[in-house]
Amino acid sequence: MAKMSLEDLRKLRNETQQQIKKRETDDKIAQVIVGMGTCGIAAGAKATLDAFVKELDEKNMGGDVIIRQTGCMGMCQNEPTVEIVMADMPNIIYGKVDAVVAKEIVEKHLLKKELLNDRILDRPAVDILKK
Amino acid sequence: MAYNHYILVCGGTGCESSNAGGIYNNLVAEAKAAGVLDKVQIVKTGCFGFCEKGPIVKILPEDSFYVEVKPEDAKDIINEHIVKGREVTRLLYNKEKKSAETVEEIEFYQKQLRIVLRNCGVINPEDLNEYIARDGYMALEKALFDLTPQQIIDELKAAGLRGRGGAGFPTGLKWEGAMKTESDQKFVVCNADEGDPGAYMDRSTIEGDPHSVLEAMTICGKAIGANQGFVYIRAEYPLAIDRLKIAMKQAREAGLLGKDILGSGFDFDIEIRLGAGAFVCGEETALLRSIEGQRGMPTPKPPFPAQSGLWGKPTVINNVETWANVPVILNKGASWFSKIGTEDSKGTKVFALTGKVRNSGLVEVPMGTTLREIIFEIGGGIKDNKKFKGVQTGGPSGGIITEEALDTPIDFKALQSLGSMMGSGGMIVMDEDDCVVDVSKFYMEFCVDESCGKCSPCRIGTRQIHSLLDKISKGKGELADLEKIKEIGFAMQKSSLCQLGASAPNPTLSTIKKFEAEYVAHITDHKCPVGKCRELTTYMINDKCIGCGACARKCPANCITGERKTKHVIDQAACLKCGECFNVCKFGAVEKV
């Protein structure tokens, strides 16, 4: 990235905000967000991420699903945590997602729009920046 | 076909025990009867952490939050809510109970408010654009182009932000001190030398949102007139260091760090200094010596770093959590921030909730939240339905807080008056199986190891108290030892050079105050009431033994013998007192005496 001026920064902020909004409302795209803090990685988040990549490749869904990483959500007891964002579904956070559960998420949540049993966690707080 | 609604039934241990299973079954039956099974999916979830009001049922996408639901409520939920689209108001969590003081942003049933952790778990920490999209570097814009240094500092002062490293010094005053001290060079330092056992708020913040710290330090540089910053972070945090390095590289490339930031003419850059993991280097003067390349030992204050810090130059040193608050305060304004919290302490505090609690993890709550809310509502209560004994706040510098203080609203002042301290925010929950002598000994051992040895109250005091505690834990103590501990502790509090020594006796003194009987039991009865202190505990097999042999197979010392289907015996001379037999026995036949 080249050095920015004040105008560049404002423009970039605006553009990225639009992009993120588009990503959240485009019904062709789903996002899989894996918690990759120290706690997540210690609990096996790298294997979870690999499992998603493998599963989505096998089902030829690589182009429609964005896999992203994020930091610790604070629910360390339930790592690895994964959030699924899809346009016509509520955002859902799953806990203790290992490779088996990752496969199940792809098959049920992403393909059939069905939620998984026993894995859903409540978002700990409202986003102070979204109001 | 997507469903119109999703009904989430909490399946956590707490809710499960109050018949969440029955609710689930009834909901499915009612949905079937109403013919809406293809429109609504009913799922069981993990613990929602609101167990005191369980069982919980949540309906998406509306986010309706029903509490204390009974199986017979299933009919209304399906027929009213799902079929007719009308919320069942009698089951909704009562909003009025929440004090009007707390900010409107808190969703009525949620206890947490995330300012410091606003981006953690939301953005990709390795992507500058995602930070920028969430108002990142907007506060820096203001600081560089719209506000004077004095205005920045006035905003912080008006917000009432106090340092989150432990002592709670007002951040605005600290910055002002450095701004007003004349010097050819000034420095900005981030204290990321988090070392309390059980605390990891700062690590997670840097791992999840590194740019917020960089942005805040740059703002401070502008406010006080510094061009160089240092992040002092312990080498045991490799992921945090990696993410910080990536963030710094990106910021430099984008012109957000380095020369002529955003074309403003202001130069500021940051370097990382790795700490080798000495606890004392979290003390600010010791940390500064360590950055200078000297041995990490504290120096007397005053002079304070704001007057004479790194290489004798005015230096602002704040901890990670304090920094992460700064951009939000400039963006949302001091009046927004100062509405959150208590009279004494504004804003939120992040706690690392660990120990014998069901949902361990990071919680960020407004100051003034009670320990009961943190431990029993957010934390989901004590593991395995054991009894709560106490909670240690402030790590090896804090004290134990017991049942009767659970409803005290927590802020800097309240914790101090309870004989503990905020510290950096470690919160270790203890249950009925924890022994206070053992816990005090653990913390004192930590302080013995971590004392830098410069001043004698700390160097000698920690060792002396530790050996007295060791004696007591082995049943060889005398009642006079308790008085000795108090005397030594008092001397350490009054005369240690830095807070490591001055606060080291706190865990011991506070447990003696709250649980004197337990100490006395170790001394006069030679018994550890909870059976934690090895030398004072004997494992015996009673008549409930059916001779299954499970304990004998598990015993690492092979000291349990007995014929199959007859009572087994432990060879006390060979027993290691590891407790494996006690844990493995399903019949309550192994006793601690």
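Residues numbered from 1 in each chain as written. Chains lettered and ligands numbered in written order. Predicted model: local features only at pLDDT ≥ 70, side-chain atom pairs only at ≥ 80, totals over all residues.

**Digging into the overall build of chain A**
No. 1: The number of helices and strands found in chain A is four helices and five strands.
No. 2: The N-to-C order of helical and strand elements in chain A reads α-β-α-α-β-β-β-α-β.
No. 3: Each of the three principal axes of chain A carries a C-alpha extent, and together these read 45 × 30 × 30 Å. (Helix = DSSP H or I, 4+ residues; strand = E, 2+ residues; numbered from the N terminus.)

**A word on the overall build of chain B**
No. 1: Per the secondary structure count, chain B includes 23 helices and 17 strands.
No. 2: If you line up chain B on its principal axes, its C-alpha atoms span 85 × 75 × 40 Å.
No. 3: Across the 593 residues that make up chain B, the buried fraction comes to 55%.
No. 4: Look at the contacts in chain B between residues 6 or more apart in sequence, and 70% of them connect residues 24 or more apart. (Buried ≥ 20, exposed ≤ 12 C-beta atoms within 10 Å, placed from the backbone. Contact = placed C-beta atoms within 7 Å.)

**A short note on the pairing of strand 1 (residues 5-10) of chain B**
All names here are of chain B.
No. 1: Burial analysis of strand 1 places six of its six residues in the buried class, which makes it a mostly covered element.
No. 2: Residues His5, Ile7 and Val9 of strand 1 are buried on one face, and the alternating residues Tyr6, Leu8 and Cys10, pointing to the opposite face, are buried as well.
No. 3: Both strand 1 and strand 2 (residues 40-45) contribute to a ladder of six bridges, which runs parallel. Bridge pairing in strand 2 places Tyr6 opposite Gln41.
No. 4: Sheet topology places strand 1 next to strand 3 (residues 57-60); four bridges connect them, and they run antiparallel. Bridged to Leu8 within strand 3 is Lys58. (Pairing = 2+ DSSP bridges.)

**Overview of the nonpolar core**
Residues and elements named next belong to chain B.
No. 1: If you look at the biggest cluster of nonpolar residues, it comprises 206 residues, and the most contacted ones within it are Val9, Leu27 and Ile219.
No. 2: Here this core gets eight residues from one element, more than from any other, and that element is helix 9 (residues 210-224).
No. 3: Setting aside residues up to four positions removed in sequence, Val9 forms contacts with Ala20, Ile23, Tyr24, Leu27, Ile42, Lys44, Thr45 and Val57. (Core = buried A, V, L, I, M, F, W, Y, C linked by C-beta atoms within 7 Å.)

**Quick word on the interface of chain B and chain A**
No. 1: Counting from both sides, the interface comprises 55 residues of chain B and, opposite them, 45 residues of chain A.
No. 2: Along the lines of polarity and charge, the residues of the side of chain B that touches chain A split into 25 nonpolar, 17 polar and 13 charged. (Nonpolar A, V, L, I, M, F, W, Y, C, P; charged D, E, K, R; others polar.)

**So, the sheet that holds strand 4 (residues 64-66) of chain B**
Residue and element names in this part refer to chain B.
No. 1: Spatial strand order, 2-1-3-4: four strands in an open sheet with mixed pairing. Pairing within the sheet leaves two strands with one partner each, and these edge strands are strand 2 and strand 4. Put simply, the sheet's adjacent strands are angled 20 degrees from each other on average, direction ignored.
No. 2: In the sheet, strand 3 pairs with strand 4 via three bridges, with the strands oriented antiparallel. Within strand 4, the residue paired with Val57 across the bridge is Tyr66. (Axes fitted to C-alpha atoms, helices over the stretch in contact; angles between N-to-C directions.)

**What about helix 18 (residues 479-495) of chain B?**
Residues and elements named next belong to chain B.
No. 1: With 17 residues, helix 18 should reach 24 Å at 1.5 Å per residue; the first-to-last C-alpha distance of 25 Å fits that figure.
No. 2: When helix 18 is considered as a whole, its buried residues turn out to be Ile485, Ile488 and Met492. Buried positions in helix 18, seen along its axis, are confined to an arc of 75 degrees and lie on one side of it. What points out from helix 18, more than 90 degrees from its buried face, is the exposed set Leu479, Ala480, Glu483, Glu487 and Lys494.
No. 3: Against the buried residues of helix 18 lie helix 17 (456-473), helix 19 (499-503) and helix 20 (506-514). (Expected span 1.5 Å × (residues − 1). Arc of directions from axis to C-beta.)

**Some points on unusual backbone geometry**
Residues and elements named next belong to chain B.
No. 1: Between Lys301 and Pro302 the backbone carries a cis peptide bond, its omega angle lying at -5 degrees.
No. 2: The peptide bond linking Pro302 to Pro303 adopts the cis configuration, its omega dihedral lying at 5 degrees.
No. 3: Turning to its location among the elements, Pro303 is positioned in the loop between helix 11 (284-292) and strand 8 (315-319).
No. 4: Of note, Asp63 is a non-glycine position whose phi angle comes to about 70 degrees, a positive value.

**As for the domain arrangement of chain B**
Residues and elements named next belong to chain B.
No. 1: Per the domain assignment, the segments of chain B are domain 1 (5-93), domain 2 (128-335), domain 3 (348-431), domain 4 (436-524) and domain 5 (538-592).
No. 2: For domain 2 versus domain 3, the separation of C-alpha centres amounts to 27 Å.
No. 3: Contacts between domain 2 and domain 3 engage 15 residues on the former and 16 residues on the latter.
No. 4: When its residues are assigned to classes, the side of domain 2 that touches domain 3 shows four nonpolar, six polar and five charged. (Domains from an automatic or database assignment.)

**Observations regarding the packing of helix 3 (residues 45-58) of chain A against helix 4 (residues 99-112) of chain A**
All names here are of chain A.
No. 1: For the pair helix 3 and helix 4, the least separation of the axes is 8 Å and the interaxial angle reads 40 degrees. Between helix 3 and helix 4, the angle falls in the class oblique. Two packed elements cross with a definite hand, and for helix 3 against helix 4 that hand is right-handed. Here helix 3 contributes Ala47, Thr48, Ala51, Phe52, Glu55 and Leu56 to the contact with helix 4, which in turn contributes Ala99, Ala102, Lys103 and Val106.
No. 2: Here the residues of the contact of helix 3 with helix 4 are counted per class, giving seven nonpolar, one polar and two charged. (Parallel < 35°, antiparallel > 145°, perpendicular 65-115°, else oblique. Left-handed = near helix turned anticlockwise from the far one by under 90°.)

**Some remarks on the sheet that holds strand 4 (residues 92-94) of chain A**
All names here are of chain A.
No. 1: Pairing within the open sheet is mixed, and its five strands lie in the order 2-1-3-4-5. Because the sheet does not close on itself, it has two edges, and the strands there are strand 2 (65-70) and strand 5 (120-121).
No. 2: Here strand 4 runs beside strand 5; their pairing, made up of two bridges, is antiparallel. For Ile93, the partnering residue across the bridge sits in strand 5 and is Leu121.
No. 3: Against the sheet, helix 3 contacts strand 1 (30-35), strand 2 and strand 3 (82-86), and its axis sits at roughly 160 degrees relative to strand 1.

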